[in-house]
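Structural overview
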Amino acid sequence: MDHETAIKTQAAERYVLDEFTPEERTDFEDHYFGCMACADDVKAVSILAANAKSVIAAEEAHTAAALRSPGHATWRFSWGLVASAALNLVLLAGIGMQGLRLGPGKVPAASMAAEFYQSFGIPAASRAEMKTLPVPAGSRFFGARFDLMAGQHFDSYEYQILDAAGTPRSGQAVNAPSFNDTELQLAIPVSPLPPGEYVFVLRGRQQEKLVEISRAHLSIRR
Amino acid sequence: MLFQTFDEDYLRRLRSGDSQVEQHFAKYFGELIHLKLRRRVRSPQLAEDIRQETIYRVLRTLREKDGLEDARKLGAFVSGVCHYVAVELSRSEGRYETPDRDFDEQTDVAQENTDARLISEERNKEVRKILSKLDDRDRKLLRAVFLEELGSSEVCRRFGVEPDYLRVLIFRAKARFKQAYIKGAASA
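Keep in mind the model is a prediction, meaning the values are calculated, not measured.

1. Concerning the overall build of chain A
On a plain count of helices and strands, chain A comes out with 5 helices and 8 strands. Start at the N end of chain A and walk to the C end: the helices and strands fall as α-α-α-α-α-β-β-β-β-β-β-β-β. Looking at chain A alone, contacts between residues at least 24 apart form 65% of all its contacts between residues at least 6 apart.

This is the structure we're talking about:
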């Protein structure tokens, strides 16, 4: 490889991104070991990479420590969160039932305020491009509507919300509803999550078998 | 003393044991050897052993009667010797090694990482400034590349960007870093 080719092809960036084949990499290494300008470029990108890694890791450790500190609510996946969220679902269902029994004008004072929420028909799992679910700012949850295929039945459902790095930020397992319907809607709590881009994955469980039902981009707006 | 090229005079002085040239050679190529090994050798101790052995073998070969004659090939020669030494030492230490890829894929738990020599508080500060000027997506892209060490094809697929976009992002960050760093060094 000559210097001109190295510059034209952004070889230093490719090298640090590990985009070269073994032969190309050896070729570029042979070049930059003898070319001070390219060696300087490789050094600069490597220093940038090493320091960016250390800065980002330190910032994330700092944020995580702040989230764990007393008085700051944690939003990472935890059994406590699952239990609390599950209880919320039960309360929501209970309040709904109570509202129906009491009828209009007889809702207890402590009941949850009614609110509108965004609901999406989530696409069936496929290799096609993922649909984006734009959740408005300030939403406490969104609705995920999905259809079961003929003859399909699950004992329970599990969802996960993953961040850009693929780390689970939220998730729960919910028993299948008692009613028998092929169109279901699940209220997914999102209020603990900061605005940003996520991936929502919904799976159904039948005995030990987990089946992916849907996967979509989730965009929580600011 | 600054050396701009590796010419016949440089090679002659290296062969004759000129201590100034020897020092430059060991420092300059020592750094390049560490850069070459950066993502392939996880153990700093192994990387250091490879560096020392490479420098020793190159100097020994240069002083032999039929050693390297063309000064323009010095860099490629050092790189080649480094490759063979890395394969050899990795094997002798029982490290995992494949012929065309990583010499050592095991993380040595007794050490932090081979990047330690590239990291400093001053460099951290400059990089922090550069990162703070990026939008959220570009920052996440760099996070995936540098922190998670994901392959660029995986990063591009995950974020829906073209490989060119990623390279240009890193190219620009590198240019800003070089500029800031040179400016800082000049004012120091």
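2. Section: the sheet that holds strand 7 (residues 196-206) of chain A
Residue and element names in this part refer to chain A. Ordered by their spatial adjacency, 5 strands build an open sheet running 2-8-7-4-5, and the pairing between neighbours is mixed. In the strand order of this sheet, the two ends are held by strand 2 (132-135) and strand 5 (168-175), each with one partner. Averaged over all pairs of adjacent strands, the angle between strand axes in this sheet comes to 25°, irrespective of strand direction. Pairing of strand 7 with strand 8 (residues 209-220) involves 11 bridges; the strand directions are antiparallel. Bridge assignment links G204 to a residue of strand 8, and that residue is V211.

3. Structural notes on the interface of chain A and chain B
Tallying the contact residues gives 31 residues for chain A and 42 residues for chain B. Secondary structure elements with two or more residues in the side of chain A that touches chain B: helix 2 (11-16), helix 3 (22-32) and helix 4 (36-68) of chain A. Tallying contributions element by element places helix 4 of chain A first for the side of chain A that touches chain B, with 18 residues.

4. A word on the confidence of the model for chain A
Residues and elements named next belong to chain A. Taken over all residues, the pLDDT of chain A has a mean of 78, while the share at 70 or more is 76%. When mean pLDDT is compared element by element in chain A, helix 3 scores highest at 93, while helix 5 (residues 79-102) scores lowest at 47. Low pLDDT, under 50, characterises residues 73-81; the stretch is placed with 10 contacts to residues that sit more than four places away or in other chains. Across residues 93-107, where pLDDT falls below 50, the model places 4 contacts with residues more than four positions away in sequence or in other chains.

5. So, the confidence of the model for chain B
All names here are of chain B. Considering every residue of chain B, the mean pLDDT works out to 82; 82% of them sit at 70 or more. Between the elements of chain B, mean pLDDT differs from a low of 81, seen in helix 8 (residues 163-187), to a high of 92, seen in helix 2 (residues 19-37). Segment residues 105-111: pLDDT under 50, and 10 contacts once partners within four positions in sequence are set aside and those in other chains are kept. What the predictor reports for the complex is a pTM of 0.58 with an ipTM of 0.84.

6. Considering the nonpolar core
In this structure, A:V42, A:L48, A:A52, B:I50 and B:V145 are the most contacted members of the largest nonpolar core, which totals 57 residues. In terms of residues, this core owes the most to one element, helix 4 of chain A, which gives 11 residues. Once you skip the residues sitting within four places of it in the chain, B:I50 turns out to touch B:I33, B:L37, B:V41, B:C82, B:V85, B:A86 and B:L89. Ranked by size, the runner-up nonpolar core spans 17 residues in total, among them A:V135, A:A144, A:Y157 and A:I161.

The rules behind the values
- Residues numbered from 1 in each chain as written.
- Chains lettered and ligands numbered in written order.
- Predicted model: local features only at pLDDT ≥ 70, side-chain atom pairs only at ≥ 80, totals over all residues.
- Helix = DSSP H or I, 4+ residues; strand = E, 2+ residues; numbered from the N terminus.
- Contact = placed C-beta atoms within 7 Å.
- Pairing = 2+ DSSP bridges.
- Axes fitted to C-alpha atoms, helices over the stretch in contact; angles between N-to-C directions.
- pLDDT = per-residue confidence, 0-100.
- Core = buried A, V, L, I, M, F, W, Y, C linked by C-beta atoms within 7 Å.
- Buried ≥ 20, exposed ≤ 12 C-beta atoms within 10 Å, placed from the backbone.

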